[in-house]
Number of protein chains: 2
Amino acid sequence: MLRGMSVASSYASLTRLAKGGLLTPHLSSGLRDLIGESLSVIGGRPREALTSNVPGKSYCVLRHGAVMTRPINTGLFDPAFAASRLHDLTPMGLAAMQEADRKRLLYTAAMSYCAAADLATRGDQKTPGTFFEIFVGHLVASAFNCEPRQRLPVDILGFKTELPTDYVFDLGDDKSKIHLPIKTSTRERVIQVWAHQRVLDGVYGINRFRGVLTCLAETNMQRKTMSVGETCLPDQWVIYQMYIAQMHRIYYMDTPDRYARLGDRYPYIQVKPFASFFAEAERIATVAPAE
Amino acid sequence: MLRGMSVASSYASLTRLAKGGLLTPHLSSGLRDLIGESLSVIGGRPREALTSNVPGKSYCVLRHGAVMTRPINTGLFDPAFAASRLHDLTPMGLAAMQEADRKRLLYTAAMSYCAAADLATRGDQKTPGTFFEIFVGHLVASAFNCEPRQRLPVDILGFKTELPTDYVFDLGDDKSKIHLPIKTSTRERVIQVWAHQRVLDGVYGINRFRGVLTCLAETNMQRKTMSVGETCLPDQWVIYQMYIAQMHRIYYMDTPDRYARLGDRYPYIQVKPFASFFAEAERIATVAPAE
């Protein structure tokens, strides 16, 4: 067990706060506390380089005895920088930063608790996922100044029920509505995201909700060879976008190049760094007729 | 470790055989061997009754010290009967049995290795899932006398790729095609099944493939209270059937009543015991215009 008591108790108090909503007072400072404490636990650990099978990217792991973190992108991971800029983890602070700094800050902050939890509890998938969901959800809710819901009413010709959803934002009558699934990685489960978008399109009208999937990374580590690759299925995403529903944006903290290139050909899936969101949030919130 | 060497080695040889296809010679006898050996490992174990929150159904677990099997439906589980009728685990043998016997034989055979694996390796989800997939896949492939595929070619206006799928059967030009997902239980992941059906509808044409989902059960055990319930989300299934795609049949070894009742109201999802398949396989294989 490496995770200090302060990280564990900060995680517990963050999830308690988040139950009150993503715009709950003190959620920002709760996130900053947890990220800061995680960074101080992992920041000084020695890095062990991985053999990278991802062109143009280098990865390492942090170790605590036999326990290792998930792969960490060394070009984006900068604990000292992130620790000094935690106060900029707001939509305005981020929008004012240069894009390269914004990417480093967002990636390092997102990775902070994930790496600390990897070292603290072997096989803990759940708390990093919950942290990442609160982290991204809070930033997006703050950017839109809107508290999301996770259920929508259904009332169709006498069939009344409630639909459980990912975070959905209603930005007001003359704004778009947002469907925000958040996942640390997608793998083969990602078809669920397009299927949920299809349900929203069907029940509430095509393009009523803009689908904005946000992910951490698609890294996949081979322990035997201490190497790392990216698991990407771009052809399947093309088929989902053609035949299930249309996602408006797909953001990553560590963007796979094979997905980013999907924007260049039909059906033009827009895959970008999450850093870009803070420059285009207003445009995403704006309803516009097709050109 | 309770699983005898013969169960472990029979499982290994079954999965090796199945790599050659679901109609590989000796796959039938490999399945019968594994089921028979599993039954002899679990058959004599004392049953511990569970508190059932499922109206009209009783459940028990088998125990090996602190390790327990998944919940077992006592009204359908009959190891002595199943062991004496293993030779009837063929489409013809099953079709010739009374429906109540067919249900008992199919349920007990499906549960045999799952329960044996539950007792042998705590938390082993994978080998019961693989066994169940081979068990159901082999029976359906035998009924249709058709070897399924797990990839389909895509070639759309210059976009060429291969689509990985669940088992898909091409029964010939004047027959329907079958899409057969197989799951021990569905939970929230079931939306994937409708999404895959939607992709097949989109790429190959609406109703070109008939979707036939086959499941073991939806039981959910609370260890604290030693009680069992069924996790069912019928309203969500209605929404998936209305807005994603249309599944033709959903079969269960242990059919949840709340799902079976979906057949009575729009959109009339047909949820039935897998025993029914052997009486209606010919009809499912027959292409017919809508009435």
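Residues numbered from 1 in each chain as written. Chains lettered and ligands numbered in written order. Predicted model: local features only at pLDDT ≥ 70, side-chain atom pairs only at ≥ 80, totals over all residues. Heavy atoms only, no water.

Visitor: When you look at the overall build of chain A in this model, what are you seeing that I'm missing?
Guide: Looking only at helices and strands, chain A has 10 helices and 14 strands in total. The C-alpha atoms of chain A give 19 Å as radius of gyration, which agrees with the globular expectation for 291 residues (19 Å, within 12%). Projected onto its principal axes, the C-alpha positions of chain A cover 60 × 40 × 35 Å. For chain A, the proportion of contacts with a sequence separation of at least 24, taken over those separated by at least 6, is 66%. Summed over its atoms, the accessible surface of chain A is roughly 12,800 Å², and 50% of this surface lies on carbon and sulfur atoms. When the 34 basic and 28 acidic side-chain charges of chain A are each reduced to a single mean position, those positions are 4 Å apart. (Helix = DSSP H or I, 4+ residues; strand = E, 2+ residues; numbered from the N terminus. Rg over C-alpha atoms; globule rule 2.2 N^0.38 Å. Contact = heavy atoms within 4.5 Å. Areas by Shrake-Rupley, 256 points an atom, 1.4 Å probe, with all protein chains shown as cover. Lys, Arg positive; Asp, Glu negative; His and termini not counted. Charge placed at Lys NZ, Arg CZ, Asp CG, Glu CD.)

Visitor: Explanation requested: helix 6 (residues 126–144) of chain B in the structure shown.
Guide: For an α-helix the count is 3.6 residues per turn, leaving residues at separations of three or four pointing the same way. In this model, helix 6 of chain B (19 residues) spans 27 Å end to end at C-alpha, consistent with the 27 Å of a helix rising 1.5 Å per residue. Just past helix 6 of chain B, the residue Asn145 of chain B takes up positive phi, approximately 45°. (Expected span 1.5 Å × (residues − 1).)

Visitor: Can you help me understand the packing of helix 8 (residues 234–243) of chain A against helix 7 (residues 191–204) of chain B in this one?
Guide: Each pair of packed helices can be summarised by the angle the axes make with each other and by the distance between the axes. Remark: helix 8 of chain A packs on helix 7 of chain B, axes separated minimally by 10 Å, with the N-to-C direction vectors making an angle of 80°. On the basis of their axis angle, the class for helix 8 of chain A and helix 7 of chain B is roughly perpendicular. Touching Ile239, Tyr240 and Tyr243 of chain A of helix 8 of chain A are Arg198, Val199, Gly202 and Val203 of chain B, all from helix 7 of chain B. Grouping the amino acids of the contact of helix 8 of chain A with helix 7 of chain B by side-chain chemistry returns 5 nonpolar, 1 polar and 1 charged. (Axes fitted to C-alpha atoms, helices over the stretch in contact; angles between N-to-C directions. Parallel < 35°, antiparallel > 145°, perpendicular 65-115°, else oblique. Nonpolar A, V, L, I, M, F, W, Y, C, P; charged D, E, K, R; others polar.)

Visitor: In this structure, what is going on with the environment of Asn53 of chain B? I would like to understand it.
Guide: Residues and elements named next belong to chain B. Checked against the element boundaries, Asn53 lands in the loop between strand 2 (51–52) and strand 3 (59–64). For the pair formed by Asn53 and Glu188, sequence separation is 135 residues and the distance between their alpha carbons is 20 Å. Excluding residues within four positions of it along the chain, Asn53 makes contact with Ser227, Val228 and Gly229.

Visitor: Just checking my understanding: could you explain the side chain of Lys57 of chain A for this structure?
Guide: All names here are of chain A. Here Lys57 shows up in the loop between strand 2 (51–52) and strand 3 (59–64). The class of Lys57 is buried, set by a relative accessible area of 16%. Aside from chain neighbours lying at most four places away, what touches Lys57 is Ser52, Asn73, Glu230, Asp254, Thr255 and Pro256. (Buried < 20%, exposed > 50% of the residue type's maximum accessible area, 1.4 Å probe, protein only.)

Visitor: Even after reading the chapter, I still don't get the relation of the copies chain A and chain B, so can you show me in this structure?
Guide: Superposition of the two copies of the chain requires a rotation about an axis and a shift along the axis. Superposing chain A onto chain B takes a rotation of 180° combined with a translation of 0.0 Å along the rotation axis, leaving an RMSD of 0.0 Å. Taken together, the rotation angle and the small translation identify this as a two-fold axis. In this assembly the copies share their binding face: 100% of the residues contributing to the interface of chain A also contribute to that of chain B. (Least-squares fit on C-alpha atoms with pLDDT ≥ 70 in both.)

Visitor: Even after reading the chapter, I still don't get the interface of chain A and chain B, so can you show me in this structure?
Guide: By a widely used convention, the size of an interface equals the accessible area lost when the partners come together. The interface of chain A with chain B comprises 26 residues on the first partner and 26 residues on the second. Here chain A packs against chain B, burying approximately 2,200 Å² in sum over the two surfaces, 73% of which is carbon and sulfur. Contact with chain B buries area across many residues of chain A, yet Phe159, Ile239 and Tyr243 of chain A alone supply 28% of it, more than any other trio. On the surface where chain A and chain B come into contact, there are 0 salt bridges. For the pair chain A and chain B, the number of links is 4 residue pairs in polar contact (both at pLDDT 80 or more). Elements represented by at least two residues in the side of chain A that touches chain B include exactly strand 6 (149–156), strand 7 (159–170), helix 7 (191–204) and helix 8 of chain A. A total of 8 residues in the side of chain A that touches chain B trace back to one element, the largest contributor, which is helix 7 of chain A. Here the side of chain A that touches chain B is built from residues that sort into 15 nonpolar, 5 polar and 6 charged. (Buried area = accessible area lost by both parts, 1.4 Å probe. Salt bridge = Lys/Arg side-chain N within 4 Å of Asp/Glu carboxyl O. Polar contact = N/O pair within 3.5 Å; in protein donor to acceptor, adjacent residues only side chain to side chain.)

Visitor: Whenever I open this one, helix 7 of chain A confuses me. Can you help?
Guide: Here helix 7 of chain A is 14 residues long and its end C-alpha atoms lie 20 Å apart, about the 20 Å a rise of 1.5 Å per residue gives. Note on helix 7 of chain A: the residue one or two positions beyond its end, Gly205 of chain A, has a positive phi of about 110°.

Visitor: How should the pattern of salt bridges be read in this particular structure?
Guide: Where side chains of opposite charge bring their charged atoms close, a pairing between them can arise. Evaluation of the coordinates by the stated rule reveals 32 salt bridges over all chains. A salt bridge links Asp101 of chain A to Arg104 of chain A, with the nearest nitrogen and oxygen atoms 2.8 Å apart. Pair noted here: Asp101 of chain A and Arg104 of chain A are both in helix 5 (residues 99–120), with a separation of 3 residues, about one helical turn. The salt bridge partner of Asp254 of chain B is Lys57 of chain B, with a shortest N-O separation of 2.7 Å. Residue Asp254 of chain B is found in the loop between strand 13 (249–252) and helix 9 (257–260), and its partner Lys57 of chain B is found in the loop between strand 2 and strand 3; the two are separated by 197 residues along the sequence. Several salt bridges converge on common partners, so that one network encompasses Arg249, Lys272, Glu280 and Arg283 of chain A.

Visitor: Explanation requested: the packing of aromatic side chains in the structure shown.
Guide: The description of two aromatic rings rests on the distance between their centres and on the angle between their planes. Residues and elements named next belong to chain A. Within this structure, the stated rule accounts for 32 aromatic pairs over all chains. Measuring from ring centre to ring centre gives 5.7 Å for Phe274 and Phe277, while their planes differ by 5°; the resulting arrangement is stacked. Classification of Phe274 as buried rests on a relative accessible area of 1%. A relative accessible area of 2% places Phe277 in the buried class. By the ring-pair criterion, three or more aromatic residues cluster together here, those being Phe144, Phe169, Tyr251, Phe274, Phe277 and Phe278. The ring centre of Phe81 lies 4.1 Å from the NZ or CZ of Arg104, which sits over that ring. (Phe/Tyr/Trp six-rings, centres within 6.5 Å; stacked < 30°, edge-to-face > 60°. Lys NZ or Arg CZ within 6 Å of the ring centre and 35° of its normal.)

Visitor: What should I look at first to understand the pairing of strand 13 of chain B in this one?
Guide: The two faces of the sheet receive side chains in turn, since in a regular strand these alternate between them. All names here are of chain B. Of the two faces of strand 13, the one holding Arg249 and Tyr251 and the one holding Ile250 and Tyr252 are both buried throughout. One ladder, built from 4 bridges, connects strand 10 (residues 209–215) with strand 13; its direction is parallel. Counted as the bridge partner of Cys215 is Tyr252 from strand 13. Strand direction decides the pairing type here: strand 13 and strand 14 (residues 271–273), joined by 3 bridges, are parallel. (Pairing = 2+ DSSP bridges.)

Visitor: I keep staring at the sheet that holds strand 12 (residues 227–230) of chain B and nothing clicks. Help me out?
Guide: Two strands in a sheet stick together by hydrogen bonds in their backbones, pointing the same way (parallel) or opposite ways (antiparallel). Residues and elements named next belong to chain B. What the 3 strands build is an open sheet, ordered 2-12-11; its pairing is mixed. Among the strands making up the open sheet, the edge pair consists of strand 2 and strand 11 (219–222). Note that strand 11 and strand 12 share 4 bridges and pair antiparallel. Each residue of the ladder has a partner; that of Met221, found in strand 12, is Val228.

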